[in-house]
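Structural features, examined
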Amino acid sequence: MDASLNAELSALLDAHRDRPGALLPVLHAVQDALGHIPPAAVPIIARALNLSRAEVHGVIGFYRHFRSRAPGRHVVQVCRAEACQAVGALELEAHARRALGCGFHATCADGSVTLEPVYCLGNCACGPSVRVDDEIVGRVDARRFDELLAELRDAP
Amino acid sequence: MSRVFVSLDTSALALGAERVAQAIAAEAKQRGAAVEIVRNGSRGLFWLEPLVEVEAGGQRLAYGPVAPRDVASLFEAGFLAGGAHALALGPTQDIAYLARQERLTFARVGLTDPLSLDDYRAHGGWRGLENALALAPAAIVREVTDSGLRGRGGAAFPAGTKWETVRGAGAEQKYIVCNADEGDSGTFSDRMLMEGDPFCLIEGMAIAGLAVGATQGYLYLRSEYPQAARILAAAIAKAREAGWLGADVGGSGRAFDIELRLGAGAYICGEETALLESLEGRRGIVRAKPPLPALAGLFGRPTAVNNVMTLAAAPLILERGAAYYRDYGMGRSRGTLPFQLAGNIRHGGLVEKAFGVTLNELLHDFGGGTLSGRPIRAVQVGGPLGAWIPPAQFDVPLDYERYGEIGAMLGHGGIVVFDDSVNMLRMARHAMEFCAEESCGKCTPCRIGSTRGVEVLDRVAANRDREAQLALLDSLCDTLLHGSACALGGMTPYPVLSALRHFPEDFGIGSQDHAP
Ligand SMILES: Cc1cc2nc3c(=O)[nH]c(=O)nc-3n(C[C@H](O)[C@H](O)[C@H](O)COP(=O)(O)O)c2cc1C
Ligand code: SF4
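The following refers to the structure shown. All values derive from a computational prediction rather than experimental measurement.

**Focus: the interface of chain A and chain B**
- Between chain A and chain B, the residue contacts involve 34 residues of the former and 45 residues of the latter.
- At the level of secondary structure, the elements contributing two or more residues to the side of chain A that touches chain B comprise α2 (23-34), α4 (53-62), α5 (82-85) and β5 (135-137) of chain A.
- Looking at the side of chain A that touches chain B element by element, the count peaks at four residues for α2 of chain A.
- Within the side of chain A that touches chain B, the residues separate by chemical class into 22 nonpolar, eight polar and four charged.

Right, here's the structure in full:
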């Protein structure tokens, strides 16, 4: 058992474990803190919440938001839903794949950006929409995407 | 001190409102102008965002869309006092798009500072809750029943009937669950209200709690809405601090509190029983019904699950009375629906209108046609499970029953516009793909049939044995319609078959103009 991981998780677990139906709040807290939910965290979470590892594993796998592998320095989500498709989201998606040299759920070679699909960010009158970490950006065409990318690659 | 309003709404921010607010603050500082920047919700006129408003001569004047580079010239023009400028739009409330609406639920959104309790109070806040506190639970429910309010999450079930079931259920603990999963593409009314007037939702949930006898509420918000999450968390804390939530709601001695919970990127968790599973910490697998959640819902207790718009309508109904709300609308669709104009539309945004308005009015009078300038070819109403509407049906009144008659649905009021470059076979394929992607896996037709549907449509597109494939598509849809435990599988045939029915040429039937 990874002792430092254990220590890191114990504060998070203490903050949430007594909430009814605590698993999702716990998984969110872990991913917010670590960027992902490392496989080694699964048994620790399971024990704290009195669940089986399989249950915790199943929940992580079910929800698109949770990831088991560390992402790049930034996460970029491109909306694939209908309203964004109506204004060129699929073309943007193709451009994003080319520009990053990777597909969805993968990280580009320099480790700066992980690309993910998303179905709707609620910015449907101003698409194509992209989420960069916790910010939503609207009216993103290929040029705007490249600008965003350049900013992210310059940023730490 | 001049007051300037720049929105903190996600879509305003997505178009650069933050940089505009910063530019105004910097320019004001440099000029030594005393400016208070209020971060309001959005008026919902998104093609004008970032919209900047000033208070001058006792009214709000609008400028937009404003870019950071416009800020210096706005100061130069004396915009703080309403000076003339190329971006000036006049009094905000006179902008036709806004003036022609019937804003009941959205009356305050864009007007107030969403996190100011004083603002909320000054604009009629908490009056519905105060009235409710003076009523017996059955009388609160009766008011909602008499208003004719039907669930705004999609199924349009009468809200009062649901509340009455929960109220009548004998149990120590009951729950209010607010469904803020807003998964449909083309919808953002829940988000706009939560970001622009969060106390309204809090008040609505508290009223629901009093009506059914629930002391605990859960607000299940999709994780794709980080800004709404920040604002709701702050608003809940403020409401609790001010005594509108907690052990002694409004000094009444009655308890109600709210906990904010985040979803995790699963469309199916908008379905109420999958949502309850998720709240309980499990995968979002749809539960068998019965039992109804109203009788055995969250943690097995009686639970009223309602959409954000349903709950946010309650304060007004309790403030003004059932008749006031019921007087809007047509037939059995009472009140207003906040329609959302999305996709390829010139004037996209939020249009709250009484039921009975038509797509022609919304798309042309409000929306101004497509963003691309090309003709509108198809419109999807009611989210990814909603039918495609061709221009020939744009004059059908938007009313639950009238839409049902044409094999369509209003759902959550999302309207997604496509121009004539759309390929409807591809959209049908997308519907099947979405179903496969988002299926909870419980029913075979939904889990497997949707993937078959994608393959069948690919063969149609490639013109491989087209007639046999289309027959297969029909029978697949029939199986989905009848063999699904929820509307994800059960309604995916709507967008698929309506695309085929209204746009057969895209499937290689009849005219070859649009053949893929
Ligand atoms: C696949 C699916 C997704 C749904 N998504 C949502 C949603 O995002 N928001 C919502 O309020 N209702 C959604 N619903 C409807 C809910 O199951 C439920 O009817 C609603 O929350 C009840 O609240 P209301 O009566 O106030 O509309 C969905 C239903 C299905 C079948
Ligand atoms: S229709 Fe699909 S999403 Fe709905 S319960 Fe069945 S498998 Fe799950």
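What follows continues from the structure just given.
**Regarding the site of ligand 1**
Residues and elements named next belong to chain B.
- If you check the shell around ligand 1, you find 21 residues, and the closest are Gly 151, Gly 153, Gly 270, Asn 307 and Thr 310.
- For the shell around ligand 1, the secondary-structure elements that each account for two or more residues are β9 (303-307) and α20 (487-491).
- With three residues, β9 is the single largest residue contributor to the shell around ligand 1.
- Looking at side-chain class alone, the shell around ligand 1 contains seven nonpolar, nine polar and five charged residues.
- Taken together, domain 2 (117-326) and domain 4 (424-507) each give at least three residues to the shell around ligand 1, which thus spans both.

**Description of the site of ligand 2**
All names here are of chain B.
- Among the 15 residues in the neighbourhood of ligand 2, the closest are listed as Cys 440, Cys 443, Cys 446, Cys 486 and Gly 489.
- Contributing elements (two or more residues each) for the shell around ligand 2: α18 (444-461) and α20.
- Ranked by residue count, the leading element in the shell around ligand 2 is α20, at three residues.
- Of the residues belonging to the shell around ligand 2, the class tally is eight nonpolar, five polar and two charged.

**What about the pairing of strand β12 (residues 336-343) of chain B?**
Residues and elements named next belong to chain B.
- Of all eight residues making up β12, eight are buried, and the element is well covered by its neighbours.
- Examined bridge by bridge, β12 and strand β13 (residues 349-354) share six bridges and lie antiparallel to one another. Within the sheet, the bridge partner assigned to Phe 339 lies in β13 and is Val 351.
- Linking β12 back to β13 in an antiparallel pair, the connection comprises five residues.
- In this structure, β12 lies alongside strand β16 (residues 414-419), joined through four bridges in parallel fashion. Within β16, the residue paired with Leu 341 across the bridge is Ile 415.

The rules we used
- Residues numbered from 1 in each chain as written.
- Chains lettered and ligands numbered in written order.
- Predicted model: local features only at pLDDT ≥ 70, side-chain atom pairs only at ≥ 80, totals over all residues.
- Contact = placed C-beta atoms within 7 Å.
- Helix = DSSP H or I, 4+ residues; strand = E, 2+ residues; numbered from the N terminus.
- Nonpolar A, V, L, I, M, F, W, Y, C, P; charged D, E, K, R; others polar.
- Near = placed C-beta within 6 Å.
- Domains from an automatic or database assignment.
- Buried ≥ 20, exposed ≤ 12 C-beta atoms within 10 Å, placed from the backbone.
- Pairing = 2+ DSSP bridges.

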